[in-house]
Amino acid sequence: MSDIPALFGIPAQPGHQAEQLIAKLGIRVVECAPGRVVGTMPVSGNRQPVGIMHGGANAAFAETLGSLAAWAHAGTGGRAVGLDLSCTHHRWVSSGLVTGTATALHEGRATATYEIVIVDDRGRRTCTARLTCAIGRRRRAS
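Now for a quick tour of the structure.

Reading guide: rules and limits
- Residues numbered from 1 in each chain as written.
- Predicted model: local features only at pLDDT ≥ 70, side-chain atom pairs only at ≥ 80, totals over all residues.
- Heavy atoms only, no water.
- Helix = DSSP H or I, 4+ residues; strand = E, 2+ residues; numbered from the N terminus.
- Buried < 20%, exposed > 50% of the residue type's maximum accessible area, 1.4 Å probe, protein only.
- Areas by Shrake-Rupley, 256 points an atom, 1.4 Å probe, with all protein chains shown as cover.
- Salt bridge = Lys/Arg side-chain N within 4 Å of Asp/Glu carboxyl O.
- Core = buried A, V, L, I, M, F, W, Y, C linked by side-chain atoms within 4.5 Å.
- Contact = heavy atoms within 4.5 Å.

### Re the overall build of the protein chain
- From N to C terminus, the protein chain includes three helices and six strands.
- For the protein chain, the N- to C-terminal ordering of α and β elements is α-α-β-β-α-β-β-β-β.
- By the burial criterion, 36% of the 142 residues in the protein chain qualify as buried.
- When the accessible surface of the protein chain is summed, it comes to about 8100 Å², and 51% of that surface belongs to carbon and sulfur atoms.

Pasting the structure below:
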């Protein structure tokens, strides 16, 4: 499931296919179901100068997973865009893969909120994030 835009029928804007942050960070989606999205991201290539996972990479990973869950909730023709993201970094990671799981806390008509838990290869929680997205849906013809 590495082609995220195709997953939702969202074409990348012309000229921007090679500029997707998801690809640059090495994010892979391994499960995408209503209310739940799971993905992985390597530590390698996403470090701060001291050799540990960059907090900004964790934030981008969390927002990616939560946003995909919101897009799934919005449905065909719907849209989702992040409104608020907060991350708490519990422990550092210096190697391997991290796995993130976005779980719905609220999925409403206009907003959706997800908790994203990121763990290391040993299953230890490294980051907890919360993302709220605005949901837009295609209006029905009157």
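### Topic: the pattern of salt bridges
- Counted according to the given criterion, the structure contains two salt bridges.
- Measuring nitrogen to oxygen at the nearest pair gives 2.9 Å for the salt bridge that ties Glu-31 to Arg-36.
- Given the relative accessible area of 29%, Glu-31 is considered partly exposed.
- With a closest N to O distance of 2.8 Å, Arg-124 and Asp-120 form a salt bridge.
- Among the residues examined, Arg-124 registers a relative accessible area of 30% and is labelled partly exposed.
- On the basis of relative accessible area, Asp-120 is assigned to the buried category, the value being 9%.

### What about the nonpolar core?
- Ranked by size, the top nonpolar core spans 30 residues in total, and within it Val-37, Met-41, Met-53, Phe-61, Val-98, Ile-116 and Ile-118 carry the most contacts.
- Among the elements of the structure, strand 2 (36–42), helix 3 (55–74), strand 4 (97–107), strand 5 (111–119) and strand 6 (125–136) are those that each provide at least two residues to this core.
- Per-element accounting of this core gives the leading share, ten residues, to helix 3.
- Setting aside chain neighbours within four positions, we find Met-53 in contact with Met-41, Pro-42, Val-43, Asn-46, Arg-47, Gln-48, Asn-58, Val-93 and Val-98.

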